[in-house]
Amino acid sequence: AVVVAYFEFKNSSYPRGYKQFYYAAIKALSNDPDRRICFAIVTNKNAAEGFRLRARLQMFLWNRTEIYPGDVKGHAELLKWAYDILEFTSDWVSPPGTKSTMLSEILSENAALVLFTPRSLLLEYTPYYNLLKEVALDYNNCNQSSLVESIKHRLILKRHIMQEEFSKTIRKCHKNDTAHDPDVCRLRPDLCDLACCQTTSLSLNQTKHVPAVLACIM
């Protein structure tokens, strides 16, 4: 989901509501590491019309938009509004490693498809999870919304592009993996380029991996 605000900067002073919006975005970064909600600002009137903004502040969800009621008076109020109406088709679940009711709370309310997958916060892309997002969007798009179809096709395109990039990087990293010239990544990952090792660990073609976190379709 994305919260989009339109602010018109006419002079050196901040527009009304800008600071509250800015503080809300900063607070969301610290409270929501999975970035379920992003914040964006539009400063051009023509661009705002291009985004079809019907109000100064709107929240774009995967299947609809919501308008913020009134002016932004405080960042806590804005965050509460955004997270109260937040809906998503899939989400990361990170159990604490101790006895917890986190999973039971999810599984007891609705049917859920659970994916066990490694996750790299450095690459900001997880192939398995993105594939799960495609499935979740398709499953929930009962009315064949063109907007949802557009989001799904962009995810598919990105997945294919990233798969090609992963394959190129892996070939580059391991092109000299021979008995006389062994691959450094395989023997000494601590000496290997970070991007190379991270890419290798997230190869779409790998068949063995250690589950790190869960991703659920709600």
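Looking at an unreviewed UniProt entry, one finds the protein named Thioredoxin domain-containing protein 11, with Caerostris extrusa as its source organism.

K.L.:
I'm lost on the nonpolar core in this one. Help?
P.N.:
Proteins that are soluble and globular tend to have nonpolar side chains buried together. The biggest cluster of nonpolar side chains holds 20 residues, and the ones touching the most others in it are V3, F21, F39, L57, M59 and L78. With five residues, the top contributor of residues to this core is helix α1 (residues 18–31). Each residue touching V3, except ones within four places of it in the same chain, is listed here: F21, I37, C38, F39, A40, L57, Q58, M59 and A82. In this structure, V4, V42, A48 and L53 belong to the second largest nonpolar core, which totals five residues.

K.L.:
I'm lost on unusual backbone geometry in this one. Help?
P.N.:
Leaving glycine out, the prevailing phi sign among residues is negative, and the prevailing peptide bond configuration is trans. Despite not being glycine, Q144 has its phi angle at roughly 55°, a positive value. As for its placement among the helices and strands, Q144 is situated in the loop between α5 (127–140) and α6 (146–173). Under the relative-accessibility criterion, Q144 is labelled exposed at 56%.

K.L.:
What's the story with the environment of Y14 in this structure? I'm lost.
P.N.:
With respect to the secondary-structure elements, Y14 resides in the loop between β1 (2–6) and α1. Y14 sits in the exposed class, given a relative accessible area of 51%. Contacts of Y14, omitting those with residues within four sequence positions, involve F9 and K19.

K.L.:
Can you walk me through the environment of D138 in this structure?
P.N.:
Within the secondary structure, D138 is located in helix α5. For D138, a relative accessible area of 42% translates into the label partly exposed. Here the alpha-carbon distance between D138 and K152, two residues 14 residues apart in the chain, equals 7.4 Å. Of note is the side chain of D138, whose polar atom sits 3.2 Å from the side chain of K152.

K.L.:
Looking at this structure, how should I read the packing of aromatic side chains?
P.N.:
For any pair of aromatic rings, the description rests on two quantities: the centre-to-centre distance and the angle between the ring planes. Taken as a whole, this structure holds nine aromatic pairs when the rule is applied. Seen from their ring centres, F7 and F21 are 5.9 Å apart, and the 65° between their planes marks the pair as edge-to-face. Of this pair, F7 sits in the loop between β1 and α1 while F21 is found in helix α1, placing the two residues 14 residues apart along the sequence. The same class applies to F7 and to F21, which are both buried. Ring pairs connect the aromatic residues F7, F9, Y14, Y18, F21, Y22, Y23 and F39, which therefore count as one cluster.

K.L.:
What's the story with the pattern of salt bridges in this structure? I'm lost.
P.N.:
Side chains that differ in sign of charge can pair as their charged atoms come close. Across all of its chains, the model carries nine salt bridges by this definition. The residue D138 makes a salt bridge to K152 at a minimum N-O spacing of 3.2 Å. One end of the pair, D138, is in helix α5; the other, K152, is in helix α6, with 14 residues separating them in the sequence. For K152, a relative accessible area of 12% corresponds to the buried category.

K.L.:
Is there a simple way to explain the side chain of E149 in this structure?
P.N.:
Looking at the element boundaries, E149 is found in helix α6. Under the relative-accessibility criterion, E149 is labelled buried at 18%. Among residues more than four places away in sequence, those in contact with E149 are D138, N141 and Q144.

K.L.:
Would you explain the sheet that holds strand β3 (residues 57–60) in this entry?
P.N.:
What the four strands build is an open sheet, ordered β2-β1-β3-β4; its pairing is mixed. Each having just a single partner strand, β2 (38–42) and β4 (65–67) make up the two edges of the open sheet. Strand-to-strand twist in this sheet, taken as the mean axis angle between neighbours without regard to direction, amounts to 20°. Contacts between α1 and the sheet are confined to β1, β2 and β3, with β2 contributing the most and set at about 155° to the helix. The strands touched by helix α3 (residues 75–85) are β1, β2, β3 and β4; relative to β3, the strand with the most contacts, the crossing angle is about 30°.

K.L.:
I tried to follow the layout of surface pockets on my own but got confused; where do I start?
P.N.:
A probe as big as a water molecule, rolled over the atoms, marks out the empty space that is left. A volume near 1500 Å³ is recorded for the largest pocket. For the largest pocket, the lining is made up of 39 residues, of which A1, R35, R36, C38 and K133 are closest to its centre. Listed by contribution, the elements that provide at least two residues to the lining of the largest pocket are β1, β2, β5 (90–93), α5 and α6. With five residues, the single largest contributor to the lining of the largest pocket is α6. A class-by-class count of the residues in the lining of the largest pocket yields 20 nonpolar, seven polar and twelve charged.

Reading the values: the criteria
Chains are numbered independently. Their residues run from 1 in the order of the written sequence. Reporting in this predicted model follows two pLDDT cut-offs: at least 70 for local features of residues, and 80 or more for side-chain atom pairs to be given and counted; totals over whole chains, interfaces and linings ignore these cut-offs and use all residues. The basis for the side-chain values is all heavy atoms of the structure; hydrogens and waters are excluded. Among the buried residues, those of types Ala, Val, Leu, Ile, Met, Phe, Trp, Tyr and Cys that are joined through side-chain atoms within 4.5 Å form a nonpolar core. Accessibility here uses a 1.4 Å probe with only protein chains present; expressed as a share of the type maximum, an area under 20% marks a residue as buried, one over 50% as exposed, and anything in between as partly exposed. In DSSP terms, a helix is any run of H or I states spanning at least four residues, a strand is any run of E spanning at least two, and both are numbered starting from the N terminus. Here, residues are in contact when the closest pair of their heavy atoms is within 4.5 Å. Throughout this description, a polar contact denotes any pair of N or O atoms lying within 3.5 Å of each other; where both atoms belong to protein, one of them has to be capable of donating a hydrogen while the other can accept it, and for residues adjacent in sequence the pair is counted only when both atoms sit in side chains. Centres within 6.5 Å make a pair out of two Phe, Tyr or Trp rings, where for Trp the six-membered ring is used; the pair is then stacked when the planes are under 30 degrees apart, edge-to-face when over 60, and tilted otherwise. We define a salt bridge as a contact between a side-chain nitrogen of Lys or Arg and a carboxyl oxygen of Asp or Glu at a distance within 4 Å. Note: two strands are recorded as paired if DSSP finds a minimum of 2 bridges between them. Under this scheme, a helix contributes an axis fitted over its contacting stretch, all axes are lines through C-alpha atoms, and angles between N-to-C directions fall in the 0 to 180 degree range. A cavity here means a set of points on a 1 Å grid, drawn over the protein atoms and nothing else, where a 1.4 Å probe fits but cannot get out; a pocket is an open set with protein on both sides within 12 Å along at least five of seven lines, and a residue lines either one if it has an atom within 4 Å of a point. Grid points are joined across faces, edges and corners, and a volume is the space filled by probe spheres set on the points. Put simply, Ala, Val, Leu, Ile, Met, Phe, Trp, Tyr, Cys and Pro go in the nonpolar bin, Asp, Glu, Lys and Arg in the charged bin, and everything else, Gly too, in the polar bin.

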